[in-house]
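Remarks on the overall topology
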Amino acid sequence: QTVVTQEPSFSVSPGGTVTLTCALTSGSVSTSNYPSWYQQTPGQAPRTLIYNTNTRSSGVPDRFSGSILGNKAALTITGAQADDESDYYCVLFVGSGIWVFGGGTKLAVL
Amino acid sequence: QVQLVESGGAVVQPGRSLRLSCAASGFTFSSYAMHWVRQAPGKGLEWVAVIWYDGSKKYYADSVKGRFTISRDNSENTLYLQMNSLRGDDTAVYYCAKAEAATASNPMDVWGQGTTVPVSS
């Protein structure tokens, strides 16, 4: 069974930079996993931030960026703002039509 | 603009069936794959199923395989999720999501607001 792991929680200071990661327990993440990132606040539907590793969704500010760092996918937020305080989820394509979400990272801005 | 509106959520008893719908507008529905994703209360997102743009291929999470069926009606711009043999751990908000392109290997890019399915006796 494929498991995708994310940091359960992270904190960043206002104006600071934070990098959240997304890993596969069974190996390295590559662009062929089409890593994508979603932001969710309580009671709301997810919002797409980044898809296919590093493509920013329409309307997403450029302080959100995606990449592959080593053997993981990464979401970097620069110039963190108070309203960035949310849950962040990654999803990976693991082949045979199957997608797996990570457990999510709760980001605090303080 | 792209809009997805889910419906059909309701309280259902364990072992019973339910069909969810997702009405799409603002894009050429027949050109894009579509996903269902769910979220149990207080938990993270769980991918459920995906269907190709033309309905020719469908894929499911192990947790729902054999019980849930994803389908689409491109003439009606509507996505469906038929859920049979429902269990307590199927209790969740169910989201439909448009894929970034036509086939299953494309991630979700636009999301609906979700519909709630409590499974309870």
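Higher on the page you've got the structure.
Here goes a summary of the coordinates provided. (Residues numbered from 1 in each chain as written. Chains lettered and ligands numbered in written order. Predicted model: local features only at pLDDT ≥ 70, side-chain atom pairs only at ≥ 80, totals over all residues. Heavy atoms only, no water.)

**Concerning the interface of chain B and chain A**
Note: interface size is frequently given as the accessible area lost on complex formation between the parts. Let me state the cut-off plainly: When checking whether two residues touch, look at their non-hydrogen atoms; a contact exists if any pair is within 4.5 Å. A 1.4 Å probe defines the accessible area here, and the buried area is the portion of it lost by two parts on being joined, summed over both. A pair is scored as a salt bridge if a Lys or Arg side-chain nitrogen falls within 4 Å of a carboxyl oxygen belonging to Asp or Glu. The definition of a polar contact used here is a pair of N or O atoms within 3.5 Å, where within protein one atom must be able to donate a hydrogen and the other to accept one, and adjacent residues in sequence count solely through side-chain atom pairs. Secondary structure elements are defined from DSSP: runs of H or I of at least 4 residues count as helices, runs of E of at least 2 residues count as strands, and each element is numbered from the N terminus. Only Asp, Glu, Lys and Arg are considered charged, only Ala, Val, Leu, Ile, Met, Phe, Trp, Tyr, Cys and Pro nonpolar, and every remaining residue, Gly among them, polar.
Each partner contributes residues to the interface: chain B has 23 residues there, and chain A has 19 residues. Taking both sides of the interface into account, the surface hidden between chain B and chain A amounts to around 1,600 Å²; carbon and sulfur atoms contribute 64%. If you look at where chain B meets chain A, you find 0 salt bridges. In this assembly, chain B and chain A are joined by 6 residue pairs in polar contact (both at pLDDT 80 or more). For the side of chain B that touches chain A, the secondary-structure elements that each account for two or more residues are strand E3 (34–39), strand E4 (45–51), strand E5 (58–60) and strand E9 (108–111) of chain B. Taken together, the residues of the side of chain B that touches chain A sort by class into 12 nonpolar, 7 polar and 4 charged.

**Let's talk about the side chain of Asn106(B)**
Within the element layout of this structure, Asn106(B) appears in the loop between strand E8 (92–99) and E9. In this structure Asn106(B) touches Trp99(A), His35(B), Ala99(B), Glu100(B) and Ala101(B), once residues within four positions along its chain are discounted.

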